[in-house]
Each structure stands twice: as structure tokens, then as C-alpha cells.
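# Fold and contact review
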Amino acid sequence: MEEKRIEKHLYERKHQTATGEWSRSYYIRLKDWKGVRRVWPAGSTLKTARAKRAEYEHRNALKEDFDKAKVKGITLARWG
């Protein structure tokens, strides 16, 4: 697996599939406004990756809580 930085907060990952073909995917890596390092998948094309990066940077600038959808402190009894 090979990783390469494309632009600020945007990285490319190349890997070889089981059939021997090379595949690439992009991901976003940045530190949010709380100081937590975040990594998100950004797609398989550079155009969509740049759009997603702009979206996440905008949401970060608005100080959106990226963890609000996560369920915290749920027990197996409450879940069932």
C-alpha cells in the first residue's frame, strides 16, 4: 500500500487488489476544532475528493460536532 499527500488535508492511497490490478482511493485527514485528529474516506476520484474536503473544512469552520450521531454510554440491556 502506498500513501501520498496530494494537497493540504487530502491524501491518496494506492493498493493492489487480489486480481493484481491497482486501485486508488482518496481520504481526508485533518484536526477538528476540538483538536481531535479525523480521517474520512473521500471517494475514488480526485474531483469528488476535493469536493468532500471542502465540505468537511466548511463543517469544521462552523464548529460542527462530528460525534453527535454516535451513541455513547449505551448498555446491552438498553439496546435490547
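Description of the structure in this document. Please read all numbers here as calculations on a predicted model, not as lab measurements. (Residues numbered from 1 in each chain as written. Predicted model: local features only at pLDDT ≥ 70, side-chain atom pairs only at ≥ 80, totals over all residues. Heavy atoms only, no water.)

### Observations concerning the overall build of the protein
For the protein, the helix and strand inventory stands at 2 helices and 4 strands. Starting at the N terminus, the α and β elements of the protein follow one another as β-β-β-β-α-α. Relative to the compact-globule value of 12 Å for 80 residues, the protein shows a C-alpha radius of gyration of 16 Å, a clear excess of over 25%. By its C-alpha atoms, the protein is 45 × 35 × 20 Å across when sized along the principal axes. (Helix = DSSP H or I, 4+ residues; strand = E, 2+ residues; numbered from the N terminus. Rg over C-alpha atoms; globule rule 2.2 N^0.38 Å.)

### Here we look at the nonpolar core
In a soluble, globular protein the nonpolar side chains are often hidden away together inside. Of all hydrophobic cores here, the largest spans 9 residues; its members are L10, Y26, I28, L30, W40, A42, A49, Y56 and F66. Among the secondary structure elements, those contributing two or more residues to this core are strand 3 (22-31), strand 4 (37-43) and helix 1 (46-61). It is strand 3 that contributes the most residues to this core, 3 residues altogether. Discounting residues that sit within four places of it in the chain, Y56 has contacts with I28, W40 and F66. (Core = buried A, V, L, I, M, F, W, Y, C linked by side-chain atoms within 4.5 Å. Buried < 20%, exposed > 50% of the residue type's maximum accessible area, 1.4 Å probe, protein only. Contact = heavy atoms within 4.5 Å.)

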